[in-house]
Amino acid sequence: MNPFNKTLVLFFAVLALFASIPLQSAEADLLREIKDREEIDQLLWRYTRALDSFDPDAYVATYTEDGSFGAVKGHEALHAMMVDFRNGRELQAAEGNPPAPMFHATENSWTEFVTPDHVRHHAYWVTYFGANGSDSPARIVAVGRSVDNIVRVNDQWLIRSRNVTPAENEWILNCVMV
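Residues numbered from 1 in each chain as written. Predicted model: local features only at pLDDT ≥ 70, side-chain atom pairs only at ≥ 80, totals over all residues. Heavy atoms only, no water.

A. Just the packing of aromatic side chains, in detail. Going through the model one piece at a time under the given rule, you end up with four aromatic pairs. With a centroid separation of 6.1 Å and 70 degrees between ring planes, the pair formed by Y47 and Y63 is classed as edge-to-face. Taken together, the residues span a long stretch of sequence, with Y47 in helix α1 (residues 3–52) and Y63 in strand β1 (residues 63–69) at a distance of 16 residues. For the pair Y47 and Y63, a shared accessibility class is recorded, and that class is buried. Consider the rings of F113 and W157, whose centres lie 6.5 Å apart with planes at 85 degrees: the pair is edge-to-face. (Phe/Tyr/Trp six-rings, centres within 6.5 Å; stacked < 30°, edge-to-face > 60°. Helix = DSSP H or I, 4+ residues; strand = E, 2+ residues; numbered from the N terminus. Buried < 20%, exposed > 50% of the residue type's maximum accessible area, 1.4 Å probe, protein only.)

Here it is, written out as structure tokens:
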């Protein structure tokens with residue numbers, strides 16, 4: 001092969017290598033986003049289980065240090081909120097009126113990537129009380145919409161803020177199904 005052809009082959013080989021770099025980068029970005037979405041889903045599952053089981057430590061572990069649920073801000077305040085909820089239920093049970101189990105569900109959710117380390121999670125939510133004896137069937141107790149800001153901190157996704165009554169959510173329904 002003459003020197004010109006060798007140079008031409010080398011040129012096209014280098015060109016082909018550089019042409020594949022954006023594709024590899026795009027594929028890497030897509031794989032990272034898929035992984036991030038799975039981690040965010042796991043975070044929101046841990047959040048919901050902590051909420052429904054009234055576990056203050058597990059609940060706080062899903063938030064950033066300065067995280068907030070509505071006006072309740074910071075780990076200490078979030079922990080106290082969950083302890084108050086749990087204590088209220090324990091008192092109700094001690095008075096002979098055990099509370100029904102509580103379940104939260106998220107529906108029609110969408111995770112919007114604001115930056116690679118910040119997402120906005122949009123969802124509709126429903127709160128159910130499970131059956132609590134033959135005269136207390138399972139029921140829907142509240143529904144609404146939420147917008148949550150979730151951020152990556154030290155390679156871990158955490159909730160920065162949960163807003164279960166965003167401004168455009170004036171129609172929120174708080175109802176008891178009979």
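B. View of the pattern of salt bridges. One pass over the full model with this rule turns up nine salt bridges. Across the salt bridge formed by E90 and R86, the nearest N and O atoms sit 4.0 Å from each other. Residue E90 and its partner R86 are both found in helix α3 (residues 75–94); the two are separated by four residues, about one turn of the helix. Judged by relative accessible area, E90 falls into the partly exposed class, the value being 47%. Taking the shortest distance from any N to any O, the salt bridge between D117 and R152 comes out at 2.5 Å. Remark: R152 occurs in strand β5 (residues 139–153) and D117 occurs in the loop between β3 (102–115) and β4 (118–129); sequence separation between them is 35 residues. What makes R152 buried here is its relative accessible area of 15%. Three or more residues joined by partner-sharing salt bridges are found here, namely R32, D36, D117, R152 and D155. (Salt bridge = Lys/Arg side-chain N within 4 Å of Asp/Glu carboxyl O.)

C. The arrangement of the side chain of T127 in detail. Locating T127 in the fold gives a position in strand β4. Reaching out from T127, the side chain makes a polar contact with the side chain of H104 at a distance of 3.3 Å. With residues near it in sequence (within four places) discarded, T127 still touches M102, F103, H104, R139, I140, V141 and A142. (Polar contact = N/O pair within 3.5 Å; in protein donor to acceptor, adjacent residues only side chain to side chain. Contact = heavy atoms within 4.5 Å.)

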